[in-house]
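Okay, here's what each chain looks like letter by letter:
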Amino acid sequence: MIEFSQVAKTFVLGKRRVEAVKDVSLTIQKGEIFGIIGFSGAGKSTLLRLVNLLESPSNGSIKIQGEDLSSFSAKEVRKLRRRIGMIFQNFNLFTSRTVAGNIAYPLKLAGKPKGEIKARVDELLQFVGLTDKANDYPEQLSGGQKQRVGIARALANSPDILICDEATSALDPDTTNEILRLLKKVNKDLGITILLITHEMNVIQTICDRVAVMENGEVIESGNVFETFTDPQHPTTKRFIQSVQQDRPSESLLQQWQQSGGKNLYRVIFKGELANRPILSQISRKNNVDVNIVYGSVQELQEKFFGNLLVSFEGEASAIHTVIAELEKEVSIEEVLIG
Ligand SMILES: Nc1ncnc2c1ncn2[C@@H]1O[C@H](COP(=O)(O)OP(=O)(O)OP(=O)(O)O)[C@@H](O)[C@H]1O
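Residues numbered from 1 in each chain as written. Predicted model: local features only at pLDDT ≥ 70, side-chain atom pairs only at ≥ 80, totals over all residues.

### Thoughts on the environment of arginine 49
- Positionally, arginine 49 belongs in helix α1 (residues 44-51).
- On the basis of neighbour count, arginine 49 is assigned to the partly exposed category, with 18 C-beta atoms found within 10 Å. (Helix = DSSP H or I, 4+ residues; strand = E, 2+ residues; numbered from the N terminus. Buried ≥ 20, exposed ≤ 12 C-beta atoms within 10 Å, placed from the backbone.)

Below, the structure is given as structure tokens:
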């Protein structure tokens, strides 16, 4: 659907060159929700702006449904932009237009007849749950409601792709989840491919199918969200995941545990259907070892279980050894170093 091949974007500012995007190759499939995560300055916005040709690449090519954007005439660029809806962190609504007026705007630009515009606006208001706010002005709305208007406006011309630029970064956690549910509905019910950028791992975890992690203009890791969460490779990816996982208690609590005579701690990671089997208790019981869960969580990720537990064992040293060796055959287990 969207194919980046060795894409680079360099800004030249006098004698300074800023390599905002370097050698990015990614394919976003039709119908998926693809998230790009990275810290500030990683190059995410630049990459998005290349998709609707607000910027053109310095190198490489971008194709949408097989068409190379570099060959587009001005007219084709205008047509392309109609196929791509966009929503923003700060909503970018027209303050002097009503909710209905904001949603009608792109339809007017596209030259649609009045009756058709009215019907489409009503349909979109219903889709985003704002029928009763049609005649309000943006300043009368909450942040979540403003973003709903932004989404309705982006959908007006029935795009194939929706691009979301930090769409929930200005919202509180509850409103963020509400907007993420709406984006999921846009994807599922309307079949629209979503490309989003964010610095919040929660957004990736909640709605994305696949993710790419960017740093210094490069994609440092990409893949399926479940695999990336359960087996991150790059230290930056691990940092993002820790921000939503809290997979170990604070160092001071760990030291208290050790000082009070606590046993060695092990991290046990269960994935998918393994979480349905009582492996920990079965293997421990068979070897006459007790298992103590000290910290951790079991979460749902992409409709699969993902367990991340800190445990200690009590029993004969050789029996504990056997338990760990048997567990290693089924799950990921490693000793947690303290300090
Ligand atoms: N028009 C521009 N001219 C010069 N440099 C730019 C321009 N746009 C972006 N940059 C630079 O390119 C780099 C990547 O910026 P970009 O905005 O793409 O990152 P980002 O990951 O989206 O960060 P943020 O979340 O803070 O927007 C930064 O160093 C930025 O200063």
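### Focus: the sheet that holds strand β13 (residues 304-314)
- The 4 strands are arranged β12-β13-β11-β14 in an open sheet whose pairing can be described as antiparallel. Every interior strand has two partners, whereas the edge strands, β12 (290-301) and β14 (332-335), have only one. Averaged over neighbouring strand pairs, the angle between their axes works out to 15° when direction is ignored.
- With 11 bridges joining them, β12 and β13 adopt antiparallel strand pairing. By the bridge assignment for β13, glutamate 300 is matched with phenylalanine 305.
- Contacts between helix α12 (residues 317-330) and the sheet are confined to β11 (266-271), β13 and β14, with β14 contributing the most and set at about 140° to the helix. (Pairing = 2+ DSSP bridges. Axes fitted to C-alpha atoms, helices over the stretch in contact; angles between N-to-C directions. Contact = placed C-beta atoms within 7 Å.)

### Observations concerning the environment of alanine 104
- Considering the arrangement of structural elements, one finds alanine 104 in helix α3 (residues 99-109).
- According to the C-beta neighbour criterion, alanine 104 is buried, with 22 such atoms within 10 Å.
- Along the primary structure alanine 104 and alanine 152 are separated by 48 residues, whereas in three dimensions their C-alpha atoms are 9.4 Å apart.
- For alanine 104, the residues in contact, after removing those within four places along its chain, are Ile117 and Val121.

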